[in-house]
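# A closer look at the structure
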Amino acid sequence: MTSDDIKHLILKASANALNQLADSVAADAIPETPLEQGTLRASEVYPGNDVDGSHTATEDNLESKVSFNTVYAAAQHEGWAIQHRGGKEVFWQVKNYSEPGTKSKFLEDPWKKMIPRMEPFIAASIRKAIDEGKG
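I will try to describe carefully the structure that is included in this document.

Definitions and cut-offs
- Residue indices follow the written sequence of each chain, beginning from 1 at its first position.
- Predicted model: local features are reported for residues with pLDDT of at least 70 only, side-chain atom pairs are reported and counted for 80 or more only, and whole-chain, interface and lining totals are derived from all residues.
- Note that water and hydrogens are dropped before the side-chain values are worked out from all heavy atoms of the structure.
- Each axis is a line fitted through C-alpha atoms, and for a helix only the stretch in contact is used; angles between axes span 0 to 180 degrees, taken between their N-to-C directions.
- The helix and strand labels rest on DSSP assignments: H or I over at least four residues marks a helix, E over at least two residues marks a strand, and numbering proceeds from the N terminus.
- Crossings are sorted by hand: turned counterclockwise from the far helix by less than a right angle, the near helix makes the crossing left-handed, and turned clockwise it makes it right-handed.
- Three exposure classes are used, based on accessible area relative to the maximum for each residue type with a 1.4 Å probe and protein chains only: buried under 20%, partly exposed in between, and exposed over 50%.
- Whether two residues touch is decided by their heavy atoms; if any such pair falls within 4.5 Å, the residues are in contact.
- Any N or O atom pair separated by 3.5 Å or less is treated as a polar contact, with the protein-specific requirement of one donor-capable and one acceptor-capable atom, and with residues adjacent in sequence counted only for side-chain atom pairs.
- Here, the term nonpolar core denotes a set of buried Ala, Val, Leu, Ile, Met, Phe, Trp, Tyr and Cys residues that are joined through side-chain atoms within 4.5 Å.
- Aromatic pairs are defined between Phe, Tyr and Trp rings, using the six-membered ring for Trp, whenever the two ring centres lie within 6.5 Å; interplanar angles under 30 degrees are classed as stacked, those over 60 as edge-to-face, and all others as tilted.
- Whenever a carboxyl oxygen of Asp or Glu lies within 4 Å of a side-chain nitrogen of Lys or Arg, that contact is scored as a salt bridge.

## Regarding the packing of helix α1 (residues 3–29) against helix α4 (residues 108–134)
When two helices pack together, their arrangement is given by the angle between their axes and by how far apart the axes lie. Their axes nearest at 8 Å, the elements α1 and α4 cross at an angle of 145 degrees. Where α1 crosses over α4, the handedness of that crossing is right-handed.

Here it is as structure tokens:
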């Protein structure tokens with residue numbers, strides 16, 4: 001196995017691991033995501049449902065993402081926003097969530113919980129890919 005082969009295996013395994021981690025975060029985020037009509041939850045994009053590749057890590061770009069794509073997603077996530085209405089700034093704050101378990105930081109908190117598992121998971125994925133590549 002050449003050094004280029006090993007590099008390829010490492011990058012591919014890393015991208016796959018990052019995508020699996022992001023998919024796991026996406027799944028963990030849904031129960032915490034505010035729910036009224038389901039629009040916010042339905043707007044979630046992650047590697048497992050990424051139709052244009054913008055959220056999926058590749059060998060050339062080791063970055064996977066999870067996002068919620070509605071105009072109010074950031075305000076719901078932060079629990080507040082400043083809106084501009086009639087030339088005035090209006091402070092908007094989420095006062096309560098309609099479903100138990102839903103909250104602000106619905107995406108940030110699952111990422112934070114994942115942090116301790118990320119490095120060992122990626123390392124194990126790389127080791128496995130190299131071992132399988134030797135066979």
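## Describing the environment of V25
Among the secondary structure elements, V25 is positioned in helix α1. For V25, a relative accessible area of 0% puts it in the buried group. Considered as a pair, V25 and W111 are 86 residues apart in the sequence and their alpha carbons are 6.1 Å apart. What V25 contacts, discounting residues up to four positions off in sequence, is V66, L107, P110, W111 and M114.

## Digging into unusual backbone geometry
Negative phi characterises most residues that are not glycine, and trans characterises most peptide bonds. A positive phi angle, close to 60 degrees, is found at K105, a residue other than glycine. K105 gets classed as partly exposed once you look at its relative accessible area, which sits at 24%.

## Points about the side chain of S67
The residue S67 is located in strand β2 (residues 67–68) in this model. Within the structure, S67 has its side chain in polar contact with the side chain of H55 (distance 2.7 Å). Of note is the side chain of S67, whose polar atom sits 3.2 Å from the side chain of N69. In this structure, S67 is in contact with S43, E44, V45, H55 and L107, ignoring residues within four places of it in sequence.

## Observations concerning the nonpolar core
The tendency in soluble globular proteins is for nonpolar side chains to be buried as a group. Membership of the largest hydrophobic core comes to 22 residues, with the highest contact counts inside it found for V66, F68, L107 and I122. Among the secondary structure elements, those contributing two or more residues to this core are α1 and α4. Sort the elements by how many residues they give to this core and α1 lands first, with nine residues. Apart from the residues lying within four places of it in its own chain, the contact partners of L107 are V25, A29, V66, S67, F68 and H77.

## Some remarks on the packing of aromatic side chains
Evaluation of the coordinates by the stated rule reveals one aromatic pair. A centroid spacing of 5.1 Å and a plane angle of 90 degrees characterise the contact between F68 and F106, whose relative ring orientation is edge-to-face. Of this pair, F68 sits in strand β2 while F106 sits in the loop between β4 (88–93) and α4, placing them 38 residues apart in sequence. Residue classification places F68 among the buried residues on the basis of a relative accessible area of 10%.

## What to know about the pattern of salt bridges
Within the structure shown, the criterion is met by eight salt bridges. A salt bridge links K112 to E108; its shortest N-O distance comes to 2.9 Å. Residue K112 and its partner E108 are both found in helix α4; the two are separated by four residues, about one turn of the helix.

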